[in-house]
Amino acid sequence: MATMVQCRRCGQTRERMAFQPFPSDMGRRVFEQICGTCWAEWTKFQQQLINHYGLNLRDPKAREFLLKNMDQFLFGAGAEAGGTAEGGGA
């Protein structure tokens, strides 16, 4: 039986993600509070940000930009999605 979670983003009780997305406090918070459906929406939006801004994920500023946008997208806090990715280009 699938584990359910009361999602912070959509407010619905839905199936939890299959695994914690990354090994950090933020990854644990996402796993515990975000449903699989909203996580899938974030990953799609994240790819759009990467493509739009030409982000180089080896660049710490680009990764920080994505983390801030993930926080905003999933929890409604942090940076705005329309911000700039200074130094994040390829």
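Note: the structure precedes this text.
Below or above, wherever it landed, is the structure these notes cover. (Residues numbered from 1 in each chain as written. Predicted model: local features only at pLDDT ≥ 70, side-chain atom pairs only at ≥ 80, totals over all residues. Heavy atoms only, no water.)

1. A short note on the environment of arginine 14
Convention followed: By the criteria applied, helices consist of DSSP H or I runs no shorter than four residues and strands consist of E runs no shorter than two, each listed in order from the N terminus. Categorising residues by exposure relies on relative accessible area from a 1.4 Å probe, with only protein chains included: less than 20% of the type maximum marks a residue as buried, more than 50% marks it as exposed, and the intermediate range marks it as partly exposed. Here a residue-residue contact requires only that any non-hydrogen atoms of the pair lie within 4.5 Å. Any pair of N or O atoms that falls within 3.5 Å is considered a polar contact. Within protein, one atom must be able to donate a hydrogen and the other to accept it, and sequence-neighbouring residues count only if both atoms are side-chain atoms.
One can find arginine 14 in strand E2 (residues 13–15). Classification of arginine 14 by relative accessible area gives partly exposed; the value is 23%. Remark: the alpha-carbon pair of arginine 14 and alanine 2, spanning twelve residues in sequence, is separated by 9.3 Å. Those residues within four positions of arginine 14 in sequence are excluded, and the remaining contacts are Thr3, Met4, Val5, Cys35, Thr37 and Cys38. At a separation of 3.2 Å, a polar atom in the side chain of arginine 14 contacts the side chain of glutamine 12.

2. Regarding the side chain of aspartate 59
Defined as follows: Counting rule for charge: Lys and Arg are taken as positive, Asp and Glu as negative, and neither His nor the chain ends is counted. Any Lys or Arg side-chain nitrogen located within 4 Å of an Asp or Glu carboxyl oxygen qualifies as a salt bridge.
Following the sequence through the fold, aspartate 59 ends up in the loop between helix H2 (36–53) and helix H3 (60–75). One buried charged residue, aspartate 59, remains without a salt bridge, the closest side chain of opposite sign being lysine 61 at 6.5 Å. Of note is the side chain of aspartate 59, whose polar atom sits 2.9 Å from the backbone nitrogen of lysine 61.

3. Notes on the packing of helix H1 (residues 25–33) against H3
The criterion, for reference: Angles shown run from 0 to 180 degrees and are taken between the N-to-C directions of axes, each axis being a line fitted to C-alpha atoms and, for helices, limited to the stretch in contact. Any angle that is under 35 degrees is reported as roughly parallel, and any over 145 degrees as roughly antiparallel; angles of 65 to 115 degrees are reported as roughly perpendicular and all others as oblique. For any helix crossing, the convention is left-handed if the near helix is rotated counterclockwise from the far helix by under a right angle, and right-handed if that rotation is clockwise. Each residue gets one of three labels, nonpolar for Ala, Val, Leu, Ile, Met, Phe, Trp, Tyr, Cys and Pro, charged for Asp, Glu, Lys and Arg, and polar for the others, Gly among them.
Between H1 and H3, the least distance of the axes is 12 Å, while the angle of their chain directions is 20 degrees. Classified by the angle between their axes, H1 and H3 sit roughly parallel to one another. Both H1 and H3 take part in a crossing whose hand is left-handed. Residues Met26, Arg29, Val30 and Gln33 of H1 form the contact with H3, whose participating residues are Met70, Asp71, Leu74 and Phe75. By residue class, the composition of the contact of H1 with H3 is five nonpolar, one polar and two charged.

Interpretation note: all reported values are geometric properties and have no functional meaning in isolation.
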